[in-house]
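Here are the chains, one letter per residue:
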Amino acid sequence: MPGDKTAKGMDFNAYDEMAPRSPDKTPAELRNGGRVKSQAATPSGVYLPNNNIQTPDMRSPEYVQMSTAAAITLGIMAGKMYRCECTRCLNLLLTYPEGCRANCAYCGLARHREADRDYADRNFIRVDWPSVPVAEIIEKVAADGENTPFHRMCISMITHPNSDADTVSVLKAWTDRIDPKTVPVSILSNPTTMQRDDVATLHGLGADIFTVALDAATPTLFDRTRGKGVQSPHTWKKYWEILNDARDIFGKEKFGAHLIVGMGETEHDVLSVVQDLRDMGGHSHMFCFFPEKGSLMDHLPATPRDQWRRVQMARYLIDYCNVRLEHMSFDEHGRVSDFGLPKAELDGIIDTGLPFRTSGCPGKFQEDISACDRPYGDSPPSDIASFPFQPNKTDIRKVRRQMGFPKTVN
């Protein structure tokens, strides 16, 4: 539980300490993928990120990028993942030479990096994202049939004028060959370019779950990290408009929002959004802030583990154990001081390890185990924030130490 540390020797990332730096001005000739388009190198097969060669001119819907974990699981890249056999979610990301037109302060894909790296070479949630022809991906997954290792596929949109139409194209190509009952599809949306009809179209084409990357937990923090504060087009109002559309169209348990913990909000702030989402019928998917290399927040500290563990635990209790925010207690810094359950019950839930696993859209094991396990997307393997596998007893002992929550000895 919270220690005595406060804002100057603190065990949480306070708002005043988490200001992004301002984006640099990009030379005109490098804007909108200028370097890639001027060279116009023809793409061929798989492209592995390499900032030392000219990036080919690749575009969705013919091409998408995929996470390193998905590429290893699919056999497109060689490699092994620490304590993970595979990933259960095939994460696909739309790609264009112009890249994402937003400038989110914590994101490695942000527009301000145009002078530094071509879009397809940028790191995102700590890893590279190879570019692969969509047709090749579909052929590989279809060939595995019911034996596919993937429990879910997710199309991640970016902020680009073509992303709405190209998401439809990729989804159609997928469902033409692969039964959505075999591999359900999630949409990680871009609300800024979408209207209610776009949400309905994706639902009609067989998408199973619709999510919104809200990321920031308050309007002020949203504007500072995703809106006017960093010359980016997103607004809090528009994100919640599309989230409400998703609730109406996809229905209960079929929509949700991403939230990043440790960007300057209080624990009460972020858990208030978690409760709001649950009251709407949706779920929250949590990320621990990590200073992404090349981002406008790469000079700032990662979320302290005790802050992160408290929020993970409280979020799990709200989402899956019928505990409500008003059952919990918070200190003067907005930190959780009481989870609202007897200690013996908390001990039992902690020992399952489930609150500390990566959260996201469910797979085929059970509702509170995410298919989207994102191995080491928010921490290095040496200090795991979100466990992409079932934590063992040693892991749980470490979590308890981080939380300051020793197990009761009878």
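Quantities reported herein were computed from a predicted structural model and do not represent experimental measurements.

Take the overall build of the chain next. Looking only at helices and strands, the chain has eleven helices and ten strands in total. Counting only C-alpha atoms, the chain reaches 65 × 50 × 40 Å along its principal axes. Looking at the 410 residues of the chain, the share that counts as buried comes to 59%. At a minimum sequence separation of 6, the contacts of the chain that also span at least 24 residues come to 74%. Per element, the accessible surface of the chain, about 16,500 Å² overall, is 50% carbon and sulfur. Charge centroids of the chain, computed over 49 positive and 54 negative side chains, lie 3 Å from each other.

Attention now moves to helix α10 (residues 343-352). One turn of an α-helix holds 3.6 residues; hence residues three or four places apart share an orientation. Looking only at α10, the buried set comprises L346, D347, I349 and I350. Those residues of α10 hidden inside the fold are in contact with α9 (305-320) and α11 (393-403). Positive phi shows up at G353, right after α10, with a value of about 80 degrees.

Moving on, we come to the pattern of salt bridges. Taken as a whole, this structure holds 29 salt bridges when the rule is applied. Across the pair R59 and E98 runs a salt bridge whose closest N-O atoms are separated by 2.4 Å. Of the two residues, R59 sits in the loop between α1 (34-39) and β1 (63-66) while E98 sits in the loop between β2 (89-94) and β3 (131-133), which places them 39 residues apart along the sequence. Here D347 ties to K343 by a salt bridge, and the two come within 3.4 Å at their closest N and O atoms. Taken together, the positions of D347 and K343, both in helix α10 and four residues apart, correspond to about one turn of that helix.

What follows covers the sheet that holds strand β4 (residues 152-156). Ordered in space as β3-β1-β2-β4-β5-β6-β7-β8, the eight strands form an open sheet in which the pairing is mixed. Edge positions in the open sheet fall to β3 and β8 (283-288), since each of these has one partner strand only. Mean inter-strand twist for the sheet, computed between neighbouring axes without regard to direction, equals 30 degrees. Summarising the sheet, strand β6 (residues 209-215) and strand β7 (residues 255-261) pair through four bridges and their orientation is parallel. Bridge pairing in β7 links F210 to F255. Packing against the sheet, α9 makes contact with β7 and β8, and its axis sits at approximately 170 degrees to β8.

Right, let's get into the environment of K140. Mapped onto the elements of the fold, K140 is located in helix α3 (residues 134-144). Separated by 65 residues in the primary sequence, K140 and G75 have C-alpha atoms spaced 9.2 Å apart.

Grouped together as the largest cluster of nonpolar side chains are 108 residues, with contacts concentrated most on M66, L90, I137, W174, F210, L271 and M313. In this structure L90 touches M66, A70, I137, V141, F150, R152, M153, C154 and W174, once residues within four positions along its chain are discounted. Within the second largest apolar cluster, five residues are counted, among which are C89, C154, L188 and A213.

Let's shift gears to the packing of helix α7 (residues 236-250) against helix α8 (residues 267-280). At a minimum axis distance of 11 Å, the contact between α7 and α8 shows a crossing angle of 30 degrees. Residues W240, L243, N244 and R247 of α7 form the contact with α8, whose own contacting residues are V273, L277 and M280. Here the residues of the contact of α7 with α8 are counted per class, giving five nonpolar, one polar and one charged.

Conventions adopted
Residues numbered from 1 in each chain as written. Predicted model: local features only at pLDDT ≥ 70, side-chain atom pairs only at ≥ 80, totals over all residues. Heavy atoms only, no water. Helix = DSSP H or I, 4+ residues; strand = E, 2+ residues; numbered from the N terminus. Buried < 20%, exposed > 50% of the residue type's maximum accessible area, 1.4 Å probe, protein only. Contact = heavy atoms within 4.5 Å. Areas by Shrake-Rupley, 256 points an atom, 1.4 Å probe, with all protein chains shown as cover. Lys, Arg positive; Asp, Glu negative; His and termini not counted. Charge placed at Lys NZ, Arg CZ, Asp CG, Glu CD. Salt bridge = Lys/Arg side-chain N within 4 Å of Asp/Glu carboxyl O. Pairing = 2+ DSSP bridges. Axes fitted to C-alpha atoms, helices over the stretch in contact; angles between N-to-C directions. Core = buried A, V, L, I, M, F, W, Y, C linked by side-chain atoms within 4.5 Å. Nonpolar A, V, L, I, M, F, W, Y, C, P; charged D, E, K, R; others polar.

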